[in-house]
Amino acid sequence: MSDARVILVAGATGALGPDVVARLVAAGHRVVITGRNEEKLAKLAAEYGEEAVFPVVTDMADPLLAGRAVGDVVERFGHVDGLVNLIGDFAVGPVMLTDLAAYRRLFETNVLAAITATKAVLPQLGEKSHLVYISSVLASEPFPGFAGYAASKAALQAWVRGLSHEVKHRGVHANIVVMTMADTPEARRQRPHADFEQATKPDSVAKVVDFLLSPAADGLYGATIPVLGKFEFSTALAAPPPGAPPIGRL
Ligand SMILES: NC(=O)c1ccc[n+]([C@@H]2O[C@H](COP(=O)([O-])OP(=O)(O)OC[C@H]3O[C@@H](n4cnc5c(N)ncnc54)[C@H](OP(=O)(O)O)[C@@H]3O)[C@@H](O)[C@H]2O)c1
């Protein structure tokens, strides 16, 4: 059995999974990837050997299955040293037209699934272990139509920061990466008119996740790290006063 750190990446089958897994493997971690979609999980795992990336088909949002999956990982590798929670859901729509079921789905996936996955790994974590979560810039500044999604990510952030205070005394680091829309081929296909100069590259997130799992981040407990690339808010109020030089891209 090697002494590589074992990092569980929950929800690895989505848009960020491949880049995050690639960075963690390159950093020398043994990466356990989870997801409900067996085919997608197997495809991602097939890019690596089982020594580097170990797939576990499960639903980390289900407490029983999550506990069982972590138990199996500990039995196989002897320890779990971190969780990167990539499970997430996204929905957009005006409040007037959004039913409660859509809100429930967002909160179940973006908040309760993160809590469930965390509770499954937490008893196994000791000194120098890490929890990483991904939030959105919209949590602090929601756009119209994104209220439910933004509220779910704001709830996630508050929960992680509260958790961080509870677990920091035993050396567990819980931190949050805040991003904007990921620049992926699928996102570009869905939004052909969006300016992807302002999107976040998945690999930029992956690099910061890797950093947050490293000894270089030992001083970070409950930190919120914006990885926003060239994203910026724009408003008509940002116009310079009369006579001032134009402000823009210099
Ligand atoms: N992509 C973006 O633009 C963006 C922007 C801001 C924040 N984020 C956040 O970053 C994280 C990763 O993003 P992503 O784009 O890779 O996420 P994603 O593709 O939307 O979802 C990641 C995985 O979560 C799992 N999942 C979805 N709903 C679930 C549920 N109800 N129960 C259990 N698992 C579920 C799915 O895996 P299985 O179906 O295989 O189980 C899915 O592949 C998420 O938390 C997301 O909210 C993403």
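Source: prediction; values computed, not measured.

What counts and what doesn't
- Residues numbered from 1 in each chain as written.
- Predicted model: local features only at pLDDT ≥ 70, side-chain atom pairs only at ≥ 80, totals over all residues.
- Heavy atoms only, no water.
- Helix = DSSP H or I, 4+ residues; strand = E, 2+ residues; numbered from the N terminus.
- Buried < 20%, exposed > 50% of the residue type's maximum accessible area, 1.4 Å probe, protein only.
- Contact = heavy atoms within 4.5 Å.
- Near = heavy atom within 4 Å.
- Polar contact = N/O pair within 3.5 Å; in protein donor to acceptor, adjacent residues only side chain to side chain.
- Areas by Shrake-Rupley, 256 points an atom, 1.4 Å probe, with all protein chains shown as cover.
- Pairing = 2+ DSSP bridges.
- Axes fitted to C-alpha atoms, helices over the stretch in contact; angles between N-to-C directions.
- Parallel < 35°, antiparallel > 145°, perpendicular 65-115°, else oblique.
- Left-handed = near helix turned anticlockwise from the far one by under 90°.
- Nonpolar A, V, L, I, M, F, W, Y, C, P; charged D, E, K, R; others polar.

**A few points about the overall build of the protein**
Line of reasoning, step 1. Looking only at helices and strands, the protein has seven helices and seven strands in total.
Line of reasoning, step 2. Mapped from its N terminus to its C terminus, the protein presents α and β elements in the order β-α-β-α-β-α-β-α-β-α-β-α-α-β.
Line of reasoning, step 3. A principal-axis box enclosing the C-alpha atoms of the protein has dimensions of 70 × 40 × 35 Å.
Line of reasoning, step 4. Expressed as a percentage of its 250 residues, the buried residues of the protein come to 46%.
Line of reasoning, step 5. In the protein, of all internal contacts separated by at least 6 residues, the share reaching a separation of at least 24 is 66%.

**Describing the site of the ligand**
Line of reasoning, step 1. Around the ligand, a shell composed of 22 residues is seen, among which Thr13, Leu16, Arg36, Lys153 and Ala182 lie nearest.
Line of reasoning, step 2. Thr13 places a side-chain nitrogen or oxygen 2.6 Å from an oxygen atom of the ligand.
Line of reasoning, step 3. Within the contact set of the ligand, an oxygen atom lies 2.9 Å away from a backbone nitrogen or oxygen of Ala15.
Line of reasoning, step 4. In the complex, the protein chains occlude 80% of the 870 Å² of accessible area that the ligand would expose alone.

**With respect to the environment of Leu212**
Line of reasoning, step 1. Within the element layout of this structure, Leu212 appears in helix 7 (residues 202-212).
Line of reasoning, step 2. Assessed through its relative accessible area of 1%, Leu212 is described here as buried.
Line of reasoning, step 3. In contact with Leu212, not counting residues within four places along its chain, are His130, Val132, Asn175, Val177, Ala217, Leu220 and Ile225.

**Thoughts on the side chain of Thr34**
Line of reasoning, step 1. Along the chain, Thr34 turns up in strand 2 (residues 30-35).
Line of reasoning, step 2. Look past the residues within four positions of Thr34 in its chain and what remains in contact with it is Leu8, Val9, Ala10, Gly11, Ala12, Thr13, Leu41, Val56, Thr58 and Met60.

**Focus: the sheet that holds strand 6 (residues 172-179)**
Line of reasoning, step 1. If you walk across this open sheet you meet the seven strands as 3-2-1-4-5-6-7, and the pairing is parallel. With one partner strand each, in any of the chains shown, strand 3 (53-57) and strand 7 (224-227) form the two edges of the open sheet. Taken over all neighbouring pairs, the strand axes of this sheet differ in orientation by 20° on average, direction set aside.
Line of reasoning, step 2. Sheet topology places strand 1 (residues 6-10) next to strand 2; five bridges connect them, and they run parallel. By the bridge assignment for strand 2, Ile7 is matched with Val31.
Line of reasoning, step 3. Of the strands in this sheet, strand 1, strand 2, strand 3 and strand 4 (82-85) touch helix 1 (residues 17-26), which is tilted by about 160° from strand 2.
Line of reasoning, step 4. Running at roughly 165° to strand 6, helix 7 makes contact with strand 4, strand 5 (129-136), strand 6 and strand 7 of the sheet.

**A few points about the packing of helix 4 (residues 100-121) against helix 5 (residues 147-167)**
The angle between the axes and the distance between the axes are what describe a pair of packed helices.
Line of reasoning, step 1. For the pair helix 4 and helix 5, interaxial distance at closest approach is 8 Å and the crossing angle is 20°. The pairing of helix 4 with helix 5 is recorded here as roughly parallel in orientation. Crossing hand, helix 4 versus helix 5: right-handed. Between helix 4, through Tyr103, Leu106, Phe107, Asn110, Val111, Ala114, Ile115 and Thr118, and helix 5, the contact on the second element is made entirely by Gly148, Tyr149, Ala151, Ser152, Lys153, Ala155, Leu156, Trp159 and Leu163.
Line of reasoning, step 2. Looking at the contact of helix 4 with helix 5 residue by residue, the class counts come to 12 nonpolar, four polar and one charged.

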